[in-house]
Amino acid sequence: METTVFVTAPRLSSSGVEKLERAGVNIIYLSNPNDSKEVESILLHEKIDAVISRTVNLTADAINGCPTLKVISKHGVGVSNIAVEAATERGIPVYITPAANASSVAEMALGLMISASRHIAWMDHELRNGRWSRKQDGMGLAGRTLGLVGLGQIGQRLGLACLSLGMRVIAYDPALQDKVSPVQGIELFTSLDEMLLHTHVLSLHVPLNSQTRHLIDASRLALLPEAAIIINTARGEVIDEDAMIAALSSGHLFAAGLDTMYVEPLPANSPLLALPNVVLTPHVGGSTPSALSAMAAMAADNVLSALAGTPPPENWCVNPATLKNIQG
């Protein structure tokens with residue numbers, strides 16, 4: 001019987017497509033990358049064996065509507081768009097592609113940091129509109145302190161880059177409590193609140209879950225030194241967006257560089273669009289050709305291995321209790 005893999009996007013990098021085609025797999029693509037209802041319809045009406053999940057929501061209705069579904073692989077690491085609980089109840093493992101896009105996301109975070117600190121996007125806009133507006137009150141980063149929330153592969157890469165700029169780099173990661181920092185020169189804090197007191201540039205690198213939703217709220221924003229910068233390449237909901245907008249408007253925050261927002265795509269009436277001290281990109285931190293290729297190849301390997309009864313490493317599975325269902 002033919003195996004069918006559903007990619008919840010209009011395309012997949014050739015590195016992944018070639019692996020699937022060599023395995024004789026039939027591939028179905030989503031026509032509208034933002035249409036979760038189309039996702040549900042395809043899963044309801046097609047015999048799908050595996051899903052490679054991109055950015056659109058993979059809802060509980062979609063997962064429960066497909067009795068043949070056996071495995072899901074995220075094309076990336078953030079699974080907040082996947083109804084993992086519904087998959088777990090069905091015994092369907094959900095995999096990620098760890099570190100495949102770490103360098104690309106770290107580079108985006110660094111780019112947002114430099115752009116926000118020196119008003120680069122704002123001055124570019126002014127010049128393109130015929131105005132020679134020379135902002136000379138930007139924040140120099142050398143000698144400042146970068147605070148990382150999450151010290152995984154992305155945080156480590158960003159931290160190393162910022163050390164080379166002459167910044168002090170500190171980090172909070174609950175998974176590293178009572179452990180030595182994995183990167184020489186990056187100081188670990190055991191208290192997030194204590195770290196925030198020393199942080200001039202805050203960069204977020206944690207998954208979205210019940211513990212991290214609104215992790216950076218109004219009270220924690222208030223702990224940051226006056227005129228701090230926030231960088232978010234994680235998930236928009238990690239920050240209380242309303243509280244951040246208030247802090248940006250009041251001047252308590254100097255600027256923000258955001259690749260992720262609370263609502264995506266960003267609504268045309270979002271207050272973020274009216275703030276000149278915010279740099280925005282449309283959730284593309286991990287979307288370089290090299291990163292997309294690596295994620296596609298790993299996602300294809302994940303689903304093919306799982307379907308063959310030889311699952312990927314257990315720590316790539318976000319709901320490992322389901323693994324007993326596919327052990328060979």
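Definitions and cut-offs
- Residues numbered from 1 in each chain as written.
- Predicted model: local features only at pLDDT ≥ 70, side-chain atom pairs only at ≥ 80, totals over all residues.
- Heavy atoms only, no water.
- Salt bridge = Lys/Arg side-chain N within 4 Å of Asp/Glu carboxyl O.
- Patch = residues over 30% accessible without salt bridge, like charges linked within 9 Å, V, L, I, M, F, W, Y side chains within 5 Å.
- Areas by Shrake-Rupley, 256 points an atom, 1.4 Å probe, with all protein chains shown as cover.
- Helix = DSSP H or I, 4+ residues; strand = E, 2+ residues; numbered from the N terminus.
- Buried < 20%, exposed > 50% of the residue type's maximum accessible area, 1.4 Å probe, protein only.
- Pairing = 2+ DSSP bridges.
- Phe/Tyr/Trp six-rings, centres within 6.5 Å; stacked < 30°, edge-to-face > 60°.
- Lys NZ or Arg CZ within 6 Å of the ring centre and 35° of its normal.
- Right-handed = clockwise from strand over helix to strand, strands pointing away.
- Core = buried A, V, L, I, M, F, W, Y, C linked by side-chain atoms within 4.5 Å.
- Contact = heavy atoms within 4.5 Å.

Notes on the pattern of salt bridges
Inference 1: Overall, the coordinates contain 8 salt bridges when judged by the stated rule.
Inference 2: When the shortest N-O distance is used, the salt bridge between Arg131 and Glu126 registers 3.0 Å.
Inference 3: As a salt-bridge pair, Asp137 and Lys135 come within 3.8 Å of each other at their nearest N and O atoms.

A closer look at a nonpolar patch on the surface
Inference 1: Together, Ile114, Ile120 and Leu165 give the surface a local cluster of nonpolar side chains, amounting to about 220 Å² of exposed area.
Inference 2: Within the secondary structure layout, Leu165 lies in the loop between α7 (153-164) and β7 (168-172).

Describing unusual backbone geometry
Inference 1: The omega angle of the peptide bond from Glu264 to Pro265 is -5°, so this bond is cis rather than trans.
Inference 2: Checked against the element boundaries, Pro265 lands in the loop between β11 (253-258) and β12 (278-280).
Inference 3: Positive phi is not limited to glycine here, since His119 has a value of about 60°.
Inference 4: Tracing the chain through its elements places His119 in the loop between α5 (102-118) and α6 (120-128).

Considering the side chain of Ser117
Inference 1: Position of Ser117 among the secondary structure elements: in helix α5.
Inference 2: Accessibility expressed as a relative area gives 1% for Ser117, which makes it buried.

Quick word on the pairing of β11
Inference 1: Buried residues dominate β11, accounting for 6 of its 6 residues.
Inference 2: The pairing of strand β10 (residues 228-232) with β11 spans 5 bridges and is parallel. Counterpart to Asn232 in the pairing with β11 is Leu258.
Inference 3: By the bridge criterion, 3 bridges tie β11 to β12 in an arrangement that is parallel. Its bridge partner being in β12, Ala256 is matched across the sheet by Val278.

What about the packing of aromatic side chains?
Inference 1: As enumerated under the stated definition, the model contains 0 aromatic pairs in all.
Inference 2: The ring of Trp122 carries the charged tip of Lys135 above its face, separated from the ring centre by 5.6 Å.

Some words on the pairing of strand β9 (residues 201-204)
Inference 1: The alternating pattern of β9 places Val201 and Ser203 and Leu202 and Leu204 on opposite faces, both of which are buried.
Inference 2: Pairing analysis gives 4 bridges linking strand β6 (residues 145-149) to β9, with the strands arranged parallel. Note that in β9 the partner of Leu146 across the bridge is Val201.
Inference 3: Two strands pair when backbone bridges link them, and β9 and β10 are joined in this way by 4 bridges, in the parallel orientation. From the neighbouring strand, Leu204 faces β10, where its bridge partner is Asn232.
Inference 4: The parallel pair β9 and β10, bridged by helix α9 (residues 218-223), forms a crossover whose chirality is right-handed.

A look at the nonpolar core
Inference 1: One finds Met195, Leu202, Ile216, Ile230, Met244 and Leu253 to be the most contacted residues of the largest nonpolar core, which totals 32 residues.
Inference 2: At the level of secondary structure, the elements contributing two or more residues to this core comprise β7, α8 (192-196), β9, β10, α10 (241-250) and β11.
Inference 3: Examining the composition of this core, we find that 5 residues originate from one element, α10, more than from any other.
Inference 4: Sequence-distant contacts of Met244, defined by excluding residues within four places in its chain, comprise Leu221, Ile230, Ile239, Leu253, Leu258 and Leu272.
Inference 5: One finds Ala106, Ala116, Ile154 and Met167 within the second-largest nonpolar core, a separate group that totals 28 residues.

Purely geometric numbers; function is a separate question.
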